[in-house]
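Examination of the molecular architecture
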Amino acid sequence: MDREGRRLPVTGLTVRQVRVDHRLTFLLGEAAADDAHDAEALLVVAATARLEGAEGPAATLVPGEQLVAPALALFGTVTTSAVARPDGHLVLEFSDGTRLTVAPDPGLDGRAWSVTDPRGNPLT
């Protein structure tokens, strides 16, 4: 497991919704919440990412081209670890054994990914 770095305060939250536009956005919240408006955090992926499952081959996600279908399977899973590594990578692990890794992207000026509260305040 790759858990060295700054832990993010989203562990134990459920993926309540997955949104796709030019980015991939996960709304995270308590499992018992009534709707997406009860989200506690937003995880936004703007850069190419790698999704590795407990079983099966890894997938490359490209949000800018809307090539993110494998990420839809994360709906309903719970985050078990969320770490911002010193080298700029974001590594999230989920209850089903899936790992999402987002590498820094110099072309995005440090905006390859973000974790914010619903008002847009950084949680990193």
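Please refer to the structure higher up on the page.
As the structure is a prediction and not an experimental result, all values here were calculated from the model. (Residues numbered from 1 in each chain as written. Predicted model: local features only at pLDDT ≥ 70, side-chain atom pairs only at ≥ 80, totals over all residues. Heavy atoms only, no water.)

Here we come to the overall build of the protein. Within the protein, the regular secondary structure consists of zero helices and 10 strands. Reading the secondary structure of the protein in the N-to-C direction produces β-β-β-β-β-β-β-β-β-β. For 124 residues, the compact-globule estimate of 2.2 N^0.38 gives 14 Å, and the C-alpha radius of gyration of the protein, at 13 Å, lies within 12% of that figure. Counting only C-alpha atoms, the protein reaches 35 × 35 × 30 Å along its principal axes. The buried share of the protein, taken over its 124 residues, is 40%. Put simply, of all contacts in the protein between residues at least 6 apart along the chain, 50% involve residues at least 24 apart. Put simply, the protein shows about 6600 Å² of open surface, and 50% of that area lies on carbon and sulfur atoms. Between the centroid of the 11 positive side chains of the protein and the centroid of its 17 negative side chains there is a distance of 4 Å. (Helix = DSSP H or I, 4+ residues; strand = E, 2+ residues; numbered from the N terminus. Rg over C-alpha atoms; globule rule 2.2 N^0.38 Å. Buried < 20%, exposed > 50% of the residue type's maximum accessible area, 1.4 Å probe, protein only. Contact = heavy atoms within 4.5 Å. Areas by Shrake-Rupley, 256 points an atom, 1.4 Å probe, with all protein chains shown as cover. Lys, Arg positive; Asp, Glu negative; His and termini not counted. Charge placed at Lys NZ, Arg CZ, Asp CG, Glu CD.)

Following the sequence through the fold, Thr79 ends up in strand E7 (residues 79-84). Contacts of Thr79, omitting those with residues within four sequence positions, involve Val10, Thr11, Gly12, Leu13, Leu28, Leu92, Glu93 and Phe94.

Below, the discussion takes up the pattern of salt bridges. In this structure the tally under the stated criterion is six salt bridges. With a closest N to O distance of 2.8 Å, Glu93 and Arg99 form a salt bridge. Given the relative accessible area of 22%, Arg99 is considered partly exposed. Here Arg119 ties to Asp117 by a salt bridge, and the two come within 3.3 Å at their closest N and O atoms. (Salt bridge = Lys/Arg side-chain N within 4 Å of Asp/Glu carboxyl O.)

Turning to the sheet that holds strand E4 (residues 41-45), a few remarks are in order. Strand order across the open sheet formed by four strands is E2-E3-E4-E10, with antiparallel pairing between neighbours. Single-partner strands in this sheet number two, and they are strand E2 (14-20) and strand E10 (113-116). The average undirected angle you get between the axes of adjacent strands in this sheet is 15 degrees. Bridge count for E2 against strand E3 (residues 24-29) is six bridges, and the pairing is antiparallel. Bridge pairing links Gln17 to Leu27 in E3. (Pairing = 2+ DSSP bridges. Axes fitted to C-alpha atoms, helices over the stretch in contact; angles between N-to-C directions.)

These values are about where atoms sit, not about what they do.
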